[in-house]
Amino acid sequence: MPPKGGSTKLSPMRLPPLPKLRVRRPNQADANPCLTLMSSVLTCWASSGYTAAGCAALETQLRACMDTPRPKTVKKNTINYHLSRMYPNIVGPRKRK
């Protein structure tokens, strides 16, 4: 219960003065799946020589990975567009200088 004589009305939450709302890096790029295979092949070549027969399996796996088609471009995240569009409604009117 509120104290006697006190208001039951809640005060609105105010945001700190920000020049803009923005989410950093909303579109995180996926790591290249062939990167680990390539480092394994390079490590194998460095340790046992370029023409080593033990590296052949890794080389074929790397070639198969590189030959697979890349997925189509993923739609870009629109969170920053919507934040910049809605920011004036959240902050409210500003005083002119």
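The rules behind these values
Residues numbered from 1 in each chain as written. Predicted model: local features only at pLDDT ≥ 70, side-chain atom pairs only at ≥ 80, totals over all residues. Heavy atoms only, no water. Helix = DSSP H or I, 4+ residues; strand = E, 2+ residues; numbered from the N terminus. Buried < 20%, exposed > 50% of the residue type's maximum accessible area, 1.4 Å probe, protein only. Lys, Arg positive; Asp, Glu negative; His and termini not counted. Salt bridge = Lys/Arg side-chain N within 4 Å of Asp/Glu carboxyl O. Contact = heavy atoms within 4.5 Å. Patch = residues over 30% accessible without salt bridge, like charges linked within 9 Å, V, L, I, M, F, W, Y side chains within 5 Å. Areas by Shrake-Rupley, 256 points an atom, 1.4 Å probe, with all protein chains shown as cover. Expected span 1.5 Å × (residues − 1). Arc of directions from axis to C-beta. Disulfide = S-S within 2.5 Å.

S.K.: With reference to specific residues and values, describe the side chain of E59.
M.R.: If you trace the backbone, E59 turns up in helix α2 (residues 56–67). For the buried residue E59, which engages in no salt bridge, the nearest side chain bearing the opposite charge is R63, 4.2 Å off.

S.K.: Please set out the environment of C44 residue by residue, giving values where relevant.
M.R.: Within the secondary structure, C44 sits in helix α1 (residues 34–48). Along the primary structure C44 and A56 are separated by 12 residues, whereas in three dimensions their C-alpha atoms are 9.7 Å apart. If we skip the residues at most four places from it in the chain, C44 touches G49, G54, C55 and L58.

S.K.: Which residues make up a nonpolar patch on the surface, and what values do they have?
M.R.: Nonpolar side chains collect at one region of the surface, where M38, L42 and M66 lie side by side and expose about 280 Å² of accessible area between them. Residue position: M66 is located in helix α2.

S.K.: Go over α1, please, and point to the residues and values.
M.R.: For α1, which comprises 15 residues, the first-to-last C-alpha distance of 21 Å matches the rise-based estimate of 21 Å (1.5 Å per residue) to within 8%. Along α1, the positions that sit buried rather than exposed are C34, L37, V41 and C44. One side of α1 holds all its buried residues, which, seen down the axis, span an arc of 85 degrees. Exposed residues on α1 whose side chains face more than 90 degrees from its buried face are L35, T36, T43, A46 and S47. Close packing links the buried residues of α1 with α2. Positive phi appears at G49, one or two residues downstream of α1, with a value of about 100 degrees.

S.K.: I'd love a proper account of the environment of R63, names of residues and values included.
M.R.: Topologically, R63 is positioned in helix α2. For the pair R63 and C34, spaced 29 residues apart in sequence, the C-alpha separation works out to 9.2 Å.

S.K.: Hey, could you go over the state of the cysteines for me, with residue numbers and the actual values?
M.R.: Tallied over the entire structure, the rule returns 2 disulfides. The side chain of C34 participates in a disulfide bridge whose partner is C65; the two sulfur atoms lie 1.9 Å from each other. Judged by the torsion about the S-S bond (-95 degrees), the C34/C65 disulfide is left-handed. With C34 in helix α1 and C65 in helix α2, the pair connects residues that are 31 residues apart, well separated along the chain. Of the residues examined, C65 reaches a relative accessible area of 15% and is grouped as buried. Paired by a disulfide, C44 and C55 hold their sulfur atoms 1.9 Å apart.

S.K.: If you had to explain α2 to someone new, which residues and values would you point to?
M.R.: Taking 1.5 Å of rise per residue, 12 residues should cover 16 Å, and α2 covers 16 Å from first to last C-alpha, within 8% of that figure. Every buried residue belonging to α2 is among E59, L62 and C65, and all of these are buried. Taken end-on, α2 shows its buried residues confined to a sector of 125 degrees, consistent with a single buried face. Turned more than 90 degrees from where α2 packs its buried face, R63 and D67 sit exposed. Here the buried face of α2 lies against α1.

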